[in-house]
Structures are given as C-alpha cells and as structure tokens.
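Reading the structure
Spelled out, the chains give:
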Amino acid sequence: MTHMRIPLAMLLVALAVCSRSRPPVPAASGSSADGRRAETRAVSVSASGLRRLEARRFSGQHGNGALSVIFLAGAGQAISSGVDDTARIWDVASGAESKHFSGPRFHFQDIALSSDGHFSLTPAPDATLHYWTIDSGHDVRQFTGAKMGIGTVALSADGKLAAGGGQDTAIHVWEVASGKHLRQFPVNANVVRVAFEPDNSHLRSVEGDGRVCTWSIDRDRDKDNDKPLGCVAAGSDPVSQAAFAADGHKVLIGGRYGSLVLWDADRGTPLRKLQGSEADIVAVAIAPSGNLALSGGADQTVRLWDLKTGTQIASTKSSGSYVSCVAFSADETLALFGSDDGAIMVWALQ
Amino acid sequence: MAAMPNGTRIVHSVGRKGTNDRSDVLIIQQLINDNLPVPLMPLNVNGICDPSTIFAIEEIQRRNLHMKRPDGRVDPDGATYRFLTSIPGQKIAWGAKVSTAFKTKLIKIAGNLGVDPDFLMSAMAFESAETFSASVKNTASGATGLIQFMPSTATSLGTSTTALAAMTAEDQLDYVEKYFNPYKNKLTTIEDVYMTILWPNAIGKANSYVLFSKPSVAYTQNSGLDANNDGDITKEEAAAMVKAKLVKGRGAGYLG
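Remember, predicted model here, so these are calculated numbers, not experimental data. (Residues numbered from 1 in each chain as written. Chains lettered and ligands numbered in written order. Predicted model: local features only at pLDDT ≥ 70, side-chain atom pairs only at ≥ 80, totals over all residues. Heavy atoms only, no water.)

The next subject is the state of the cysteines. Residues and elements named next belong to chain A. One pass over the structure, following the stated rule, counts 1 disulfide over all chains. Across a sulfur-sulfur distance of 2.1 Å, cysteine 213 and cysteine 231 are joined as a disulfide pair. Taking the sign of the S-S torsion, 105° for the link of cysteine 213 and cysteine 231, the bridge is right-handed. One end of the pair, cysteine 213, is in strand S16 (residues 211–216); the other, cysteine 231, is in strand S17 (residues 230–233), and 18 residues separate them in sequence. For cysteine 213, a relative accessible area of 0% puts it in the buried group. (Disulfide = S-S within 2.5 Å. Helix = DSSP H or I, 4+ residues; strand = E, 2+ residues; numbered from the N terminus. Buried < 20%, exposed > 50% of the residue type's maximum accessible area, 1.4 Å probe, protein only.)

Following this line, the structure appears as structure tokens:
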C-alpha cells in the first residue's frame, strides 16, 4: 500500500490553487488507481454550459474581495472565501450558492483539503488554524501556537500533519489527531507557500526573499535541527506568490513586477520564463499533470500557460481590478478564479 | 508616567473585579478618553466603573496589547496602565500629522517590531505622499494606503486593497504590523525599514546594492528613485527619499 500513497501525496502537496489552495486528493484520481470518477463529472459540468474558453460568473460575491477558491472533491462543487468573513459552497454547473458559513474563521486565504475530501484546513485572521467539516462548518480541531498572520497551510498526504506559515516569524507544524504543536521553524522573511513532500516528513517553503527551503519534521527538536536542511535562491523580483508542482521538484514563482518563472526547486535554476504580464502576480497554480499553469494579477487577467513550452495558451478578464485567486479542477478542464470585487468565476479550459 | 499631573496616579485596580475607587476610576476614564486608542465613543467620566468602561479596557487590551483573553482590569503596576500613561508625552516624526490614536498605536507597534517609530513614520510619509491616508492609491500599480500595499501583498495578508482603502488609517496599522512582523527585531536602519516595503531581498545588504536596473518593469515603475539617472537604483538612492522624510518629519510643525 505504501507505494499507492505516492501519487496521492504528490497531488495533495502540489496541485494547485488559489492564491493559495490545493485541490483535494480524491479529485485527482484520474492519475491514481483508486477508480474515482471526479473528472468525469467535471467534464460534464463543462459540457453542460460553457464553450471552450468561456467564463461565467457565480451568482454571489464576497464583498470587498475574494481571497481563496478551490474545487471540492468530485462533486461539481467549489468553496471560496473572502474579506466578507464568509465561506461559500458553490454548485459549479449552475453557479448558484448551495451553502454559506459566516464568521471570522471563515475568512481565509488558503485551503487544504483532507484526502477524503470531507475536511478543510484553513487559517483564521487571529493566526489560529481550523480543521473543520465542510458539510457542517463545524470545527474538528484548532491549531494554536502561531502568533501572527498564517497565509499558507498544508496537510500531509497521510493526513497526520498540518503546517502553516505566513507573516509569523516561523513555520509551524501540528499533529492533526491531537492538535499538538510539534515544530516551529524560524524563517527570515514572510512565507508565501508551504507544502509537504510526499514522504510526509519533509516540508518545503517559499519565502518572500525568494528562498526555497526544505525542512525535516522528524529530526530531534533542538536548535540546529530547527534550521532548514537546505535552501536555494529563486526569484529576481520581490516574490508575491508561488505554487509547487505535483512532483515537488518544480515551483512556479510570481513577482510583484509581473515576473513568472518555473524554477527547479532542488537546484534553484530557472526552467521556463512565462512572459506576458508586467503587473503584480497575485495568484498562481500548477495543474495536477504539471503541464499547465494559471496565473492572475493586477492586470485583471487570468492566463493559462503551457509549462512544457513556456507559452501562453489563453487568457480571460476578471471583473475586478485584480485577480486574487486561481484554481484548476482535477481533470484540468475547468478553472476557478476570484477577484478583488468579490466575484468568483468559472472558466472552461476545454 | 509623565503624562498625568501629580496626584493622579491610580492607587488600586480599576475594571472587572477591581477595587474601583471613584478617584481611580476617574483617572482611568480620563486616560482612555485622552488616548482613545480604539475607535470608541468617549466614556462618561463619572467615576463609576460601568460596563462601557470595562469594555473600553478590554478593547485596549485586545487591540493594543494583543491579549488573547483581556481581563478588563487596569492594575497600578500592570501593562495596561503603563500603556495608557506612557504614550502621550512621546514625540515622534510626523506625529503632528496623525491622530493621537494613530500615534499611540504606531508607537506600540514599533515597540513590538523593535523598530524606531520615526523610521516607520518616515517610510509611511514617503509611501503615502505625506497623507497618512488608508485609501491613497497609485492608479498604475493599484498600490494602496500607508505603505502602498500591492494587490499581492494585500491578498497575502488576508485582505484586499479595496478593504484596506475602506478602513481607518488606525485600523490599517494592524496590517502594517502584520506585514513587518517577519522582520521583527532585524530592522535597525531606516534603509532596511524601507527595503522591507520596497525590496526585502536588500535587507542587510550594503547601501551600494543595486535593487533595480534598466531595462526592467521594476526599474520603470520606480524610475523616480534613480537620483543620478544612471540606470541603476541602489539601496542608498531608494532610501534617500525616506531619509529626507525623516529630516522633515522631525522638524517644527511635523514632530509631535
């Protein structure tokens, strides 16, 4: 069974994302062997309404800005959050809101889903992380210990560990079952992305100063072991946002002045320069296959990229003044994006 | 404790489960009204420790002292009393151009971050074109407010530029603190304070470090900083503008 976890793990770590969110593991089943049919439904959603490259706005909105959006596992549903302190569950085909949760803890800029698709890990504005049941909105666990602003969260593929980083002076790791705070890794700058490696015992991070670091969770807790195993320098523009690829070895980093570069996360060498925008990159995502990417930013544009060639395939406009989050469906036929006017939109990629 | 005249120090605790001697309650109510570090209606200074007084104490503890569980009480030797009595006498660069509430909060935040409040004020004076406005906006980049939050920065902080523009400058300071927090206790020069906003990679680097070179988008958007117009913007050139704001902000009519 162990080898079966690898594709699940890779997908959990890397897929995609809103300015910071990842699609659920089950929805990625097309590339694993468990036989789930998430993508079949997603294709039918697309076929039911939208022509290729057509975008449609959902029928509600998040006040003064959407912050995160992600497809839920295999049911044609999506979840989003915004500065209006709400989380909304959407029916993707109709664009209608099917559920609505309110309160400060439903104000989050990143989402990690459990492998069974039932639970969501999200950061609250008070730096607490909440692990909650998507169906009911009820908290299962809270993770405390961070002092300030967690903006990026991750769940390990085996579901046992949770991690978060952001404006705090450290990356934190918790045990999901007990809520126990396990590790605290001091960082030099803000953390724009954390992701577990498929082995469940290493974390990767991208910091605002362009460093991509690897951390060991299993090592004994002492001062030296709270340092990264290694870091590489990436980025030549103040880093605004990043997403790891499913293989864990590539990372797409966007900059404040519009740079968008796919990096070798192990060596710190640039692999592809994606040229098209000169505006602040606010959201990036890499598709499960690793072949496609999405970016969005202050030019009000969402771009679909071919990562094999580094070329732009298509683009579409948002209704707001900037795109704040983007996400792929597991089968890569649909994209979701949100913007600073609170709108959430679905975009047919095929 | 220089702010209050002689004879106005509290003797016993005030607030929830406090002793609440009338003379002490009067002092605390007046101190809260003098500072109003939170957007509250002024208290009725009546010497009675009513629910609105306790609520104001809790709000100060929550917002300014970052207490997770405010106890709603001011003790004569406690942090809340020190906070209420230590602020008004201090003068900072540009302090005359902001509200007392703003200044009070800024001093507290600078203390949390280990940064000279004058450096933070000067960086904000430069970024906000001396307005200290939460909504001042660069229409080209979308950068907004006190430190010109970029759209990506706003999103990372869990907000939006629209939401930032809609809040008070005092409330926006929470996001300034959040933005600077990863660099807590590392910013000892005005150059590095400004680099945190402009180009964090340059924190700790020499003043000759080149931030942006021509031709690049970053250079074009910041070309006004290239004082000698040689196609390179160094850390020193970029920070020169903020240093000029420091000199101005410490001058008559601005210091306060």
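Next comes the rest of the write-up.
Another point: the environment of A:Pro125. On the secondary structure map, A:Pro125 appears in the loop between strand S7 (119–123) and strand S8 (129–133). Sequence separation of A:Pro125 and A:Phe328 is 203 residues, and the distance between their C-alpha atoms is 25 Å. Not counting residues up to four positions away in its chain, the partners in contact with A:Pro125 are A:Pro104, A:His107 and B:Lys178. (Contact = heavy atoms within 4.5 Å.)

Quick look at unusual backbone geometry now. Between B:Lys214 and the following residue, B:Pro215, the backbone shows a cis peptide bond with an omega angle of -5°. Along the polypeptide, B:Pro215 turns up in the loop between strand S3 (210–213) and helix H10 (217–221). If you check the backbone angles, A:Asp85 has positive phi at about 60° while not being a glycine. With respect to the secondary-structure elements, A:Asp85 resides in the loop between strand S3 (77–82) and strand S4 (86–91).

Residue and element names in this part refer to chain A. Overall, antiparallel pairing links the 4 strands, which are arranged S2-S3-S4-S5 in an open sheet. Since the sheet does not close on itself, it has two edges, and those belong to strand S2 (66–71) and strand S5 (96–102), each with one partner. With direction set aside, neighbouring strand axes in the sheet form an average angle of 20°. Pairing geometry for S2 and S3, over 5 bridges, is antiparallel. Paired with phenylalanine 71 across the strands is alanine 78, a residue of S3. (Pairing = 2+ DSSP bridges. Axes fitted to C-alpha atoms, helices over the stretch in contact; angles between N-to-C directions.)

Turning to the pairing of strand S28 (residues 343–348) of chain A, a few remarks are in order. Residues and elements named next belong to chain A. Along S28, 6 of the 6 residues are buried, which leaves the element largely enclosed by surrounding structure. Here S28 shows no split at all, with Ala343, Met345 and Trp347 on one side and Ile344, Val346 and Ala348 on the other all buried. Bridging between strand S1 (residues 55–61) and S28 involves 4 bridges; their strand directions are antiparallel. Bridge pairing in S28 places glutamine 61 opposite alanine 343. The sheet contact formed by strand S27 (residues 334–339) and S28 spans 5 bridges and is antiparallel. What sits directly across from glycine 338, in S28, is isoleucine 344. Counted along the chain from S27 to the antiparallel partner S28, the turn is 3 residues long, and its residue glycine 342 has a positive phi close to 90°.

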